[in-house]
Amino acid sequence: MSILKIIEYKNPILREKSKEVSKVSKKIKNLIADMLETMYQAQGVGLAAPQVGYSLRIFVLDVSDPEGPIDPMVFVNPKIVKKSGAINSYEGCLSFPKAYTNVRRYKNVLVKALDINGRPFVKEALDGSLLSRCIQHEFDHLEGNLFIDHCRNRFDANNALAKYNLPSIEEERLIEEDFLEKEIVEYEKAHPEEVEELRKTIEEQGG
Ligand code: NI
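Rules and cut-offs
- Residues numbered from 1 in each chain as written.
- Predicted model: local features only at pLDDT ≥ 70, side-chain atom pairs only at ≥ 80, totals over all residues.
- Heavy atoms only, no water.
- Helix = DSSP H or I, 4+ residues; strand = E, 2+ residues; numbered from the N terminus.
- Buried < 20%, exposed > 50% of the residue type's maximum accessible area, 1.4 Å probe, protein only.
- Expected span 1.5 Å × (residues − 1).
- Donors = N, O, S within 2.8 Å, 3.2 Å for Na, K, Ca; no water.
- Core = buried A, V, L, I, M, F, W, Y, C linked by side-chain atoms within 4.5 Å.
- Contact = heavy atoms within 4.5 Å.

### A short note on unusual backbone geometry
In this structure, Lys-10 takes a positive phi of about 100 degrees despite not being glycine. For Lys-10, the location among the structural elements is in the segment before helix H1 (26-41). The class of Lys-10 is partly exposed, set by a relative accessible area of 45%. One non-glycine residue with positive phi stands out, namely Asn-165, at about 55 degrees. Tracing the sequence through the fold places Asn-165 in the loop between helix H3 (154-163) and helix H4 (178-190). You can call Asn-165 exposed: its relative accessible area is 73%.

### Description of H1
Its 16 residues place the ends of H1 23 Å apart at the C-alpha level, agreeing with the 22 Å of an ideal helix rising 1.5 Å per residue. When we look at burial in H1, the residues that qualify are Ile-28, Leu-31, Ile-32, Asp-34, Met-35, Leu-36, Thr-38 and Met-39. Phi for Gln-43, located one or two positions after H1, is positive at around 55 degrees.

### Digging into the coordination of the nickel ion
Protein-derived ligands of the nickel ion are Cys-93 (SG), His-137 (NE2) and His-141 (NE2), with the metal-ligand distances lying across 2.1 to 2.2 Å. Of note, the donors binding the nickel ion are all from one chain and are spaced C-x43-H-x3-H. Taken as a pair, Cys-93 in strand S4 (residues 87-93) and His-137 in helix H2 (residues 130-143) lie far apart in primary sequence, 44 residues in all. The class for His-137 is buried, based on a relative accessible area of 7%.

### A word on the nonpolar core
With 17 residues, the main nonpolar core has Ile-32, Met-35, Leu-47, Ile-58, Val-60 and Val-76 as its most contacted residues. Within the residue set of this core, elements represented by two or more residues are H1, strand S2 (58-61) and strand S3 (73-84). By residue number, the principal contributor to this core is H1, which donates six residues. The contact partners of Val-76, leaving out residues within four places of it in the chain, are Val-21, Val-24, Ile-32, Arg-57, Ile-58, Ala-113, Leu-114 and Asp-115. Core analysis: the second largest hydrophobic core is formed by 16 residues, Ile-7, Ile-13, Val-103 and Ala-157 among them.

Have a look at this one:
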């Protein structure tokens, strides 16, 4: 196994649409093992193949408690077959070291994929859980989309990027999500204490 180099924002490979994996071969299994090792070493929650230079429809993640035992999950040729609800998600990405911003995500997703042995499985992730948000974030990478394309506030996103010397957002890549934004705003109006809590956490992190 080996640690792979993580590609950073503005490398054009991050904007490519990845190709389906035709067979979960020995070579693919080795790549997955390297991706997991690379993700753990970088202390990331998820990693997609394009981020290590392979334009293939594969991502890995581990949303378990960092203090507890590891729980690696592998998704090959994933398809999001159902999505519903809307939430605010404060996200970063290993390809954008240290930069975090608020983005729009669906609350619930149902995903179909192949596991590391090429067997199909179905996974449901609900209630805006870390798993749900992570699946959407990693799936995006396979489409050439990035978390900043879902940013709720361009000014905040650009500030976060500039702070860590990363290039600004690509306006033409922003994804139209008025329906999600509307639902999030309504939720936030009804739960001001949660908004305040997130604001405090962000401040403490120096975000
Ligand atoms: Ni990412």
